[in-house]
Each structure stands twice: as C-alpha cells, then as structure tokens.
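# Architecture at a glance
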Amino acid sequence: MKKFLLSLLILNFSFLIFSMPGFESYIPDTSGDFIYYKDNSFVRESYVGILMYNESTFQVRYYAPFDKENKLPEMDIGILISIDPKSDYWNMTGERLITQINNTAEEIDVLNYLHDILYEFSSRRNKVSNITPDNPNYSTSRNFYNNGISVKQEYPQFGGNVYITFDPIIPFFNIKTITDLSGKTLMQCVLSGKIKDSSDTSFSDFKGFGNGKFSTKLEKQNKKATELKIKTLDNNSITLDSNWKEAIDGYNNIHVFGDEAIIYLTTVENSDTSALFALMTFLKAEIQSSCDSYIDLREIECLLNIPECKLKIVKKATEINKNKYIGIGYYSKQKNSNNIDAMYLSTTMHAYTVRKAYYDKIIASYKTDN
C-alpha cells in the first residue's frame, strides 16, 4: 500500500511535449496523455477516449459496457489515427482499425462518429483563443466543472446552440463539458490520465467506473499518542502525533501512519515560469489517473484561488479491482518568490470515512511561513 500511496505524489512531467494543430495550448500536451468523455448523445452508457502517442499519432476509442436491461452487447471500437502536425487544422493522413468489428450498421455509425468528433473538437477549439487562467472570463467554483471559460457555439450534432466549457488542464482540445442551453450535460470529460510506457494498459482497460465498496483494515491507533509537531527546512509545518513515523529515516517531510496513510510536505522551486502556470500544471497532474487507478473527475473538489495563487484539491482514486483512496492536497505560492509550497495527504476512503475528524484536524494544522 505504501508504494501505491507514494505513487500518488509523483508528478510526472514528460520532456516530450507537443502542440495541437492550429493553436498553442497553455499547458502543452505530452506523449501518453489521454482523456475519456462520457457521451450522453447515445441512448446507452457510452465513453469516447483519446490517447496521444506523439504529435502525429493518436488513438480514439469508443466503449459501451454490456447493457443488461436493454440486452445490448458490450461494444469496444478503437482506431489508430495519424495527422499532419504542421497543419493549422485537424488534417488526418491515415487510419487503422485496431479492434475487431462485424461491420454492423451501428458499428459503422460509431466509426463515422469518431471521425467527426475529432474534426469538430479541433474546429471548435480553433475558434476560441486565450484559454488560460489569465483570461478575465475564466471562472472558478467549488464545482470542478464550472472552472473554465464557457463559450456559446452552434453544434448541429448536439442539436443546435450549446455551451462549451474550455479549461487548459484538460488535454488536447481543452474541452471540459458541453451542455445545452437549459444546462443539461451532453458530454463531459470524466477521466484524464497518462500511460507511463508501452506496457501500460490504463487507456485500453477503461470500462467506466465501478461501484464497488471497499473496507480495509485500519491501523491500531493510540488514542493517548503524544503530539508531534513537524517543521521542515523549507518552513512548512504540520501537527501529527506519535502514531506517525518518518517514511525514510532522516527525512521529516514524509510521514506514514503504518500502511493506512501518508503525509508529504514539500516546496517546489519554480524560477523559470509564473507561479500560476506552475499551479495549473500541478492541477493537471493531480487529476491524472495513473498506476492502474482511475480518478473520476465528477467526484473532484477543486478550490482554485487565482488572485492569491492557491489550490486545494480533493480527489478519489479507485485502484483496479482493489481499493479506493482519497487524496487531499494544498498548494500555495510563496510570498516573495514563484516557488510553490505543498502539503499532500493520502489514505484509504474507508480510513478517512471512519476517522474524518482526526484527518481533518491534521490537515487544518498545516502552515507555511513563506
């Protein structure tokens, strides 16, 4: 479990960064990035995923789980697509079907839809500019899906005029949600992830979010534990108790409560970019699924304070066929530099539910003197 909890703290920045055709992204896309949208334009539960291998090679996938009520079989269709990265629009130069199909009318319709949606997303993103948190129209809210820039556009495939919310933390086309004028969600990004190498099957294994309930063993807690105040060399501090131990001897910025929880304090030096860019990059990395676990973006709590350059994020990660974890992180710009102070706590959902007051008290004790 410690290995898994520690893996949630790793922000993986690839050196292979790319631009999409026709526009420059605020946060560049990287090889291995992928996203999934829940597409409510279908009469059955449906997801559309996009995976970037490099600037000219993508995979687009449609997945619909078995529908017992309506007796609809599972459907899984994937296409490998090549584009001209130097073009100023989505210019496909080749494609290859990578899943077996029976050429039914429904499958052909899905194939055509996958082609259309990439052209449409590219076209709609090319029509807007300044998709950045510096844009005065960038809204923030406790509701994760309300963060971003909402633009009204005509979209015949979704019935006419719609509102599209763009957010730079969403890879590729920055499209977060599409809603009709009454507010009904037509399409929403429910998963943002990153595969780590060619053997990582996180993208192709995604089949929606399970509803399994997990109950894990709690560590024995000494209710009479003595208070343990931690202050790091870079002036971050938190109040724990003697139930917690250093994860690595001599490093007082990482503490563990047995196999139940981990707390990590750090300062990230950031002299080359703006603090706001660094904060948004952290946010994009924090919501990315990895390590054979999926983070449902519909369950995220995200408090982004742009003027003060602060971020609180609460996320829930479900490890495939194993357990569910909660991660709570705080990020804050230092007063006199662009460096970012950070605190991160991760534990199982079961432990947090049972000991919520205990963990919330620890989180509330976090302070930075910078």
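Residues numbered from 1 in each chain as written. Predicted model: local features only at pLDDT ≥ 70, side-chain atom pairs only at ≥ 80, totals over all residues. Heavy atoms only, no water.

Counting across every chain of the model gives 22 aromatic pairs. Consider the rings of tyrosine 26 and phenylalanine 277, whose centres lie 5.3 Å apart with planes at 70 degrees: the pair is edge-to-face. Within this pair, whereas tyrosine 26 is found in the loop between strand S1 (17–18) and strand S2 (29–30), its partner phenylalanine 277 is found in helix H4 (residues 275–286), the two being separated by 251 residues in sequence. A centroid spacing of 5.9 Å and a plane angle of 80 degrees characterise the contact between phenylalanine 58 and phenylalanine 172, whose relative ring orientation is edge-to-face. Taken together, the residues phenylalanine 58 in strand S5 (residues 57–64) and phenylalanine 172 in the loop between strand S9 (160–166) and strand S10 (175–180) connect sequence positions 114 residues apart. Residue phenylalanine 58 shares its accessibility class with phenylalanine 172, and that shared class is buried. An aromatic cluster is built from Phe34, Tyr36, Tyr47, Phe203, Phe206, Phe209 and Tyr294, whose rings are joined through pairwise contacts. Residue placement shows arginine 124 over the ring face of tyrosine 155; its charged tip is 3.9 Å from the ring centre. Stacked on the ring of phenylalanine 144, the Lys or Arg lysine 176 has its end atom at 3.8 Å from the ring centre. (Phe/Tyr/Trp six-rings, centres within 6.5 Å; stacked < 30°, edge-to-face > 60°. Helix = DSSP H or I, 4+ residues; strand = E, 2+ residues; numbered from the N terminus. Buried < 20%, exposed > 50% of the residue type's maximum accessible area, 1.4 Å probe, protein only. Lys NZ or Arg CZ within 6 Å of the ring centre and 35° of its normal.)

In the structure shown here, the tally under the stated rule is zero disulfides. Free cysteine: cysteine 302, not disulfide-bonded; nearest cysteine sulfur from cysteine 309 at 13 Å. Owing to a relative accessible area of 6%, cysteine 309 belongs among the buried residues under this scheme. (Disulfide = S-S within 2.5 Å.)

Attention now goes to H4. With 12 residues, H4 extends 16 Å from end C-alpha to end C-alpha; this agrees with the ideal 16 Å at 1.5 Å per step. Along H4, 11 of the 12 residues are buried, which leaves the element largely enclosed by surrounding structure. Here H4 has its buried residues at Ala275, Leu276, Ala278, Leu279, Met280, Thr281, Phe282, Leu283, Lys284, Ala285 and Glu286. (Expected span 1.5 Å × (residues − 1).)

Moving on: the sheet that holds strand S12 (residues 227–231). Two pairing modes exist for strands in a sheet, parallel and antiparallel, and in both the strands are linked by backbone hydrogen bonds. The strand order across the open sheet formed by three strands is S12-S13-S23, and the pairing between neighbours is antiparallel. Of all strands in the sheet, those with a lone pairing partner are S12 and strand S23 (367–368), marking the two edges. Inspection of the sheet shows strand S13 (residues 236–241) paired to S23 by two bridges, in the antiparallel sense. Within S23, the residue paired with serine 237 across the bridge is lysine 367. (Pairing = 2+ DSSP bridges.)

Further remarks concern the nonpolar core. Phe121, Phe173, Ile178 and Tyr331 are the most contacted members of the largest nonpolar core, which has 82 residues in total. With residues near it in sequence (within four places) discarded, isoleucine 178 still touches Phe121, Tyr155, Phe158, Val162, Tyr163, Ile164, Lys184, Thr185, Leu186 and Met187. Membership of the second largest hydrophobic core comes to 21 residues, among which are Ile230, Ala261, Tyr358 and Tyr366. (Core = buried A, V, L, I, M, F, W, Y, C linked by side-chain atoms within 4.5 Å. Contact = heavy atoms within 4.5 Å.)

The side chains of a regular strand alternate, residue by residue, between the two faces of the sheet. The element strand S22 (residues 340–348) is largely enclosed, with a buried count of nine among its nine residues. In this sheet, S22 lies alongside strand S21 (residues 324–333) in antiparallel orientation, the contact comprising nine bridges. The partner of isoleucine 326 across the bridge, within S22, is threonine 347. Remark: six residues form the turn of the hairpin made by S21 and S22, two consecutive strands paired antiparallel.

The residue lysine 71 is not glycine, and still its phi comes out positive at about 55 degrees. Considering the arrangement of structural elements, one finds lysine 71 in the loop between S5 and strand S6 (75–83). Residue classification places lysine 71 among the exposed residues on the basis of a relative accessible area of 73%. Phi at phenylalanine 172 is positive, roughly 70 degrees, even though this residue is not glycine.

On their own, these measurements won't tell you what the molecule is for.
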